Amino acid sequence: PIAPGVGVDPADPPDAPTLFAKISASPMAVASLGQVYKATLHDGLEVAVKVQRPDAMAILAKDYFCFILAVAGTQKFVERFRGFDSDGRDMSAVLDRVAQDILQEIDYTVEAANAERFEASLEFLGFVTTPVVVPAYSGTRVLVTEWVKGQHLSALPEDDGLRMTRMAVEACTASLVLTGFVHADPHEGNILLDERDGSLVFLDFGLVAEVEDYVMEGFARGIQCMIAGDWLGLTY
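Just so we're clear, the structure is a prediction, and the values are computed from it rather than from any experiment.

**With respect to the packing of aromatic side chains**
Item 1. Summed over the entire model, instances satisfying the criterion amount to 3 aromatic pairs.
Item 2. Judged by centre distance (5.4 Å) and plane angle (25 degrees), the ring pair of Phe20 and Tyr137 falls under stacked. Placement of Phe20 in the segment before strand 1 (22-23) and of Tyr137 in the loop between strand 5 (128-129) and strand 6 (142-146) is noted, with a sequence separation of 117 residues between them.
Item 3. Using a relative accessible area of 3% as the deciding quantity, one classes Phe20 as buried.
Item 4. For Tyr137, a relative accessible area of 25% corresponds to the partly exposed category.
Item 5. Ring centres of Phe118 and Phe202 lie 5.0 Å apart, and the angle between their planes is 65 degrees; this geometry places the pair in the edge-to-face category. Taken as a pair, Phe118 in helix 3 (residues 108-121) and Phe202 in strand 10 (residues 200-202) lie far apart in primary sequence, 84 residues in all. Accessibility assignment for this pair places Phe118 and Phe202 in one class, buried.
Item 6. Each residue in the set Phe118, Phe202 and Phe205 is aromatic and connected to the rest through ring pairs, giving one cluster.

Structure, rendered in structure tokens:
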């Protein structure tokens, strides 16, 4: 059984041990590929249980196939009536890249490794953390981490919200111009301000990106030009 009264099989003995001491009856957060429950381990540790939807792969495969057909049809139309156009080939490459990244996103072992790498890459800032993974309960389709007691930006008073925003901008900028390992989905729902120590907690590492050195240099030069008001420099 998953927890007392949850996921019980009639074939289980009445005294069958449960995976968790308790788990929320409904998800605390819901997304397209999975949902998150709050649970408690038998040692009292509160955890977040991210569970992948059972039909996630099938849905993604169908979506990808439909996009491939649409792009192929569009390219044939362009070639027939407007002459050859390279955009069709470029779009196919984009679709292949998206499909590749999505395959990584539905492997929760990859997500766990991404979170650990991201936190390590920004350790020098001193305020960026990620939820601690509980390996014994995690796998490719289930990810269990310690439950973070924190607040999203919208729930914070103005002063704390401003502090959190500055920290988030600094962390994201450092990723883009220094480390090259970037959280690719840093919206408000994926960032918390930890109630315990005021650290910035990033969540959900299904999508990450690696930025090459020349791109990081371009970002850095662009930021410097904007700060200096060198609008002409932005064109180089």
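Let's pick the thread back up.
**So, the environment of Val94**
Item 1. The topology assignment puts Val94 in helix 2 (residues 87-105).
Item 2. You can call Val94 partly exposed: its relative accessible area is 45%.
Item 3. C-alpha separation for the pair Val94 and Leu156, spaced 62 residues apart in sequence, amounts to 38 Å.

**A short note on the side chain of Ser175**
Item 1. With respect to the secondary-structure elements, Ser175 resides in helix 4 (residues 158-179).
Item 2. Other than its neighbours up to four places away in sequence, Ser175 contacts Phe118, Leu122, Gly180, Phe181, Val182 and Met216.

**Let's talk about the sheet that holds strand 5**
Pairing between the strands of a sheet is mediated by backbone hydrogen bonds and can be parallel or antiparallel.
Item 1. With respect to topology, 4 strands assemble into an open sheet ordered 5-10-9-7, the strand pairing being mixed. With partners counted over all chains shown, the strands left at the sheet margins are strand 5 and strand 7 (150-151), one partner each.
Item 2. Here 3 bridges tie strand 9 (residues 191-194) to strand 10, and the two strands are oriented antiparallel to one another. Residue pairing in the sheet places Leu192 in a bridge with Val201 of strand 10.
Item 3. In the packing of helix 4 onto the sheet, the strands contacted are strand 5, strand 7, strand 9 and strand 10, and the crossing angle to strand 9 comes to about 125 degrees.

**A closer look at the environment of Gly189**
Item 1. For Gly189, the position within the fold is in the loop between strand 8 (181-183) and strand 9.
Item 2. Of the residues examined, Gly189 reaches a relative accessible area of 35% and is grouped as partly exposed.
Item 3. Taking the C-alpha atoms as reference points, Gly189 and Ser154, 35 residues apart in sequence, are found 9.5 Å from one another.
Item 4. Not counting residues up to four positions away in its chain, the partners in contact with Gly189 are His152 and Leu203.

The rules behind these values
Residues numbered from 1 in each chain as written. Predicted model: local features only at pLDDT ≥ 70, side-chain atom pairs only at ≥ 80, totals over all residues. Heavy atoms only, no water. Phe/Tyr/Trp six-rings, centres within 6.5 Å; stacked < 30°, edge-to-face > 60°. Helix = DSSP H or I, 4+ residues; strand = E, 2+ residues; numbered from the N terminus. Buried < 20%, exposed > 50% of the residue type's maximum accessible area, 1.4 Å probe, protein only. Contact = heavy atoms within 4.5 Å. Pairing = 2+ DSSP bridges. Axes fitted to C-alpha atoms, helices over the stretch in contact; angles between N-to-C directions.

Just geometry here; none of it tells us what the structure is for.
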